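Here is what each chain is made of, one letter per residue.
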Amino acid sequence: MELSQKKDLFKLNQGLNTEINELNFPDGFTVDEANYELLVDGSRRRRKGLANESGVGAAKSVDTFVAGDFVQSYLWTDVGGDPDLNIVCYRQGNNIYFAVADETISGGWYTGDGSSIDLGNYVTTGATTANTEEIAVSFSHGRGTLFVSGPYIKTIFVTFDSATSRFASEEVGIRIRDYGDQEDGTNLSTEPTSLTDPHNYNLRNRGWTNTDRDQFHTDLSKYPARNSLWWKGFKRTYGTSVAEADGQKSWDSSKLDNEAFGGSSAPRGSMFLNVYDTSFGVETSGVVAVDISTWTYIDNGGNWTVTLTTSGVHGYGVGDEFTISGHQMYGYSDILLGTEQYDWLKTFDGTWTAVTGTTGSTLIFTYTPMTYDVDGWFDQFLSLGQVGAARVRPSGTVHTDAPRANCFFAGRLFTAGMYNTEFADSVFFSQIADGPEKYGRCYQDADPTDENFNALTSADGGHIIIPGMSGVQEMIQVRNSLLVFANEGVWEVSGGSRGVFTADGYSVRKITSAGCSSPTGVLGIEDSAVYTGPSGIYVVSPNQYTGQLEAQSSTEQTIQTLWNQIPDVEQQKVQAAYDSSLRRAYFMYGNNGTQIGIDTMLIFDARAGAWFKYTFDTPTNNVLLTGFAIPNADDTSENKKMKFIYEASTTTVQVADFAQTTFDDWDGTNGPLPYMVLGHDNIGDWQRRRQAPMITVFSKKTETGYTAAGNGWDPVNESSTLMTAYWDFTDDAVTNKIGSQNEVYRHVRQFVPSGTGDTDGYPLVITRNKVRGRGRSLQLRFDGATDKDSHILGFTTNYKVTRKV
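The sections below set out a description of the structure shown in this document. Values in this document were obtained by computation on a predicted structure and should not be read as measured data.

### Some words on the sheet that holds strand 15 (residues 166–171)
One open sheet accounts for four strands, arranged 12-13-14-15; its pairing is antiparallel. Edge positions in the sheet fall to strand 12 (138–142) and strand 15, since each of these pairs with one other strand and no more. Pairs of neighbouring strands in the sheet enclose a mean axial angle of 25 degrees, with direction left out of account.

Structural data, given as structure tokens:
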């Protein structure tokens, strides 16, 4: 005896799910799929081709593409403070190119002089090509300025001159105060009779001047201890008509010697440190910087001999180290990047050694970073700068690495992610950046060792030490917090009791131990963040009750198995982008661990709360490189908001999108065919075998008209959807449990148009399809066909169930 039972399935947009077993699979999900777009109305449709955008312009000339070059993109908004100017930054290897972020990106590339930035000008000491060109960099922007950081590239800021359409870059010289000590072999209260370099550094870092230090030694045959306060050695001299408080201060070694100092160190922090090179400290107390009046150079072919003329006597001799700060020069070289002249902005900022010829107001040194000729100057003396004193710091080192990540937050530039023992757990933040000179000032203005003016203010800079944090990948702002994504988890830096981040009021909280593995896989979405890591894709969002940010896996219950199958090397290069009009997050990657470019997109649709997947053929050349969303183009029917850059040739790139009418991708061939494998259906009964002799499939009619073809008509945008039935959980043809593949998109009424715009008047195509076979479970697979659309609304299965088990 047989029983009939009907089951409808008209909601196919639950998305991909690899985590539910065969006996518990809910309706509407798929166990595997590719290239069927998930729509919020419950239907699924074949994706359109990813090909050249409408009105495509000429391909953009770039530096020769080299296998291994890291490629990424970033949207820079409010450029130069103009709310109507948004620019796409396309980074390839060591070069950054720029285009107006309009609906047609390819028509808005900047060309000519000053249209690109070469990160190779800012590599750290000892960095290699693999270090700089093959690793992601970090972008952020604020106050109309773009900031770029990389693990082996010194942080820079980029400005845009709208009058000349030129981009210029400059290094952010990150400086902090030294609150530590050098090991000098003394106790805090020891007053040594001889002066070593470490003890001298420690005294200078406590605000001691050379004059006061030497006078103390002359008078008492010993040097000050590390617990002594320098200002306690001064007394006031006054006469009968002068109040004591108004008297002139003068040094008295005996007064200091008779002071009682406890077992605590005197305040430190008078010396500045360059985070890239901590082998020296720059003095700030008792030293008057000397201005540079002018400079000349002799090009020796690979290095320069530079002669500085200072505004006064500098006090250095041959062999002495000195520092230069605030210097810039702006020139160009006839080195072609594609077809463009190369502009560069360089600086003498750093520590140098005086060589033969140095005199009272002349400083001569050798400058080595130039690897190309100077063919002309835009401004040789853009900024002359100053000369200051440097002191050897024995425990310091020249770092090969640099901060990997940056974010403009709370009116400041934050940087973090140095991979060394000195700064691995440090987050540097600048003073309130009311001008470019503040970007690198990660310290309080007031000298902590000063007798009177030593207080920290809310507008100061500094650096935060977060114990346990290492391997920083990226930083972004979410709500009023800065999120730091690292290998060991995610931290939140936010305001203190006042709720706004200040140098004297902030809090640090660890949100999760689930680490981040891709610096380009971090994405801000409205009041939340999404990031990728070894254990999945996570969402950091406010708790609905407490409002505190918390992290939850978005893959654990849905596509975790699929995620785990992605090779680690590809997980570390995932690129993320967000289409705010369709509310879709794209996670783009290659899938075999060796190929260059993108061949897979995992897409999360926030409206449906579901995952789906696109795949692409990856040719030997012309690979898909990166994707991003533009700020306009919010019409969802046009699908122009997401843009993608692909390699058009070894020296050009082009822009593509999904706003197409065909299914050909950028290489001119049909993209991979769509398929969708549903879950195992059993009508809640695994004991009885059943048949499904008839399945009615409902499809959306896709034909939009006809074209004349000889004596007949060919439909425009014709569909084809093929259905296959799988019984008893099988996936192997030898079981004879796989049915034949049937075309389920068939017009049951013949229609003969009289013109190109005619249609048959039926918006749906409904077909009854015979299915052979029987078993305890039924699984359906739908496939598309070459050059054909496919838009599935759902289906009805008419089961016949036998009572016999």
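### As for the packing of aromatic side chains
The tally for this structure, following the rule as stated, stands at 57 aromatic pairs. Here the aromatic rings of Phe429 and Phe501 are separated by 5.1 Å at their centres, their planes lie at 90 degrees, and the arrangement is edge-to-face. A residue pair is termed long-range when its members are at least 10 positions apart, and Phe429 in strand 32 (residues 426–429) and Phe501 in the loop between strand 36 (489–495) and strand 37 (506–512) qualify at 72 residues. The pair formed by Phe429 and Phe501 is uniform in burial state, with each residue classed as buried. Aromatic ring contacts, followed pair by pair, group Trp295, Tyr297, Trp304, Tyr316, Phe322, Phe348, Trp352, Phe365, Tyr367, Trp377 and Phe381 into a single cluster. Seen from the ring of Phe663, Arg46 lies directly overhead, with NZ or CZ sitting 4.4 Å from the centre.

### What about the sheet that holds strand 35 (residues 481–486)?
Two modes of strand pairing occur in sheets, parallel and antiparallel, and in both the strands are linked by backbone hydrogen bonds. Here four strands make up an open sheet; going across it, the order is 34-35-36-37 and the pairing antiparallel. The sheet is open, and its two borders are formed by strand 34 (472–478) and strand 37, each paired with just one other strand. Between one strand and the next, the sheet's axes are offset by a mean angle of 20 degrees, whatever the strand orientation. Bridging between strand 36 and strand 37 involves six bridges; their strand directions are antiparallel. Counted as the bridge partner of Trp491 is Lys510 from strand 37.

### Comments concerning the pattern of salt bridges
Under the defined criterion, the tally for this structure stands at 34 salt bridges. One salt bridge in this structure joins Lys788 and Glu718, with 3.9 Å as the shortest N-O distance. Linking Lys788 in the loop between strand 57 (778–784) and strand 58 (791–802) with Glu718 in the loop between strand 52 (712–716) and strand 53 (721–727), this pair joins segments that are 70 residues apart in sequence. Given the relative accessible area of 33%, Glu718 is considered partly exposed. Within this structure, Asp181, Asp184, Arg206, Arg226 and Arg268 form a network of salt bridges that share partners.

### Quick look at the nonpolar core
Formed by 23 residues in total, the largest nonpolar core has its most connected members in Trp76, Phe98, Leu146, Val148, Val158 and Phe167. If you list the elements that add at least two residues to this core, you get strand 8 (71–76), strand 9 (87–92), strand 10 (95–100), strand 13 (145–150) and strand 14 (153–161). When residues of this core are assigned to their parent elements, the largest contribution, four residues, is made by strand 14. Excluding residues within four positions of it along the chain, Phe167 makes contact with Trp76, Ile87, Phe98, Tyr110, Gly114, Ser115, Ile117, Val158, Thr159, Phe160 and Tyr330.

### A few points about helix 3 (residues 210–220)
Within helix 3, the full set of buried residues consists of Asp212, Arg213 and Phe216. All buried residues of helix 3 project into a common sector of 100 degrees when viewed along the axis, lining one side. In helix 3, those exposed residues whose orientation departs by more than 90 degrees from the buried face are Thr211 and Thr218. Packed against the buried residues of helix 3 are helix 2 (197–205), strand 17 (234–237), strand 18 (248–251) and helix 4 (253–257). Looking one or two residues past helix 3, Ser221 carries a phi angle of roughly 60 degrees, positive in sign.

Criteria and thresholds
- Residues numbered from 1 in each chain as written.
- Predicted model: local features only at pLDDT ≥ 70, side-chain atom pairs only at ≥ 80, totals over all residues.
- Heavy atoms only, no water.
- Pairing = 2+ DSSP bridges.
- Helix = DSSP H or I, 4+ residues; strand = E, 2+ residues; numbered from the N terminus.
- Axes fitted to C-alpha atoms, helices over the stretch in contact; angles between N-to-C directions.
- Phe/Tyr/Trp six-rings, centres within 6.5 Å; stacked < 30°, edge-to-face > 60°.
- Buried < 20%, exposed > 50% of the residue type's maximum accessible area, 1.4 Å probe, protein only.
- Lys NZ or Arg CZ within 6 Å of the ring centre and 35° of its normal.
- Salt bridge = Lys/Arg side-chain N within 4 Å of Asp/Glu carboxyl O.
- Core = buried A, V, L, I, M, F, W, Y, C linked by side-chain atoms within 4.5 Å.
- Contact = heavy atoms within 4.5 Å.
- Arc of directions from axis to C-beta.

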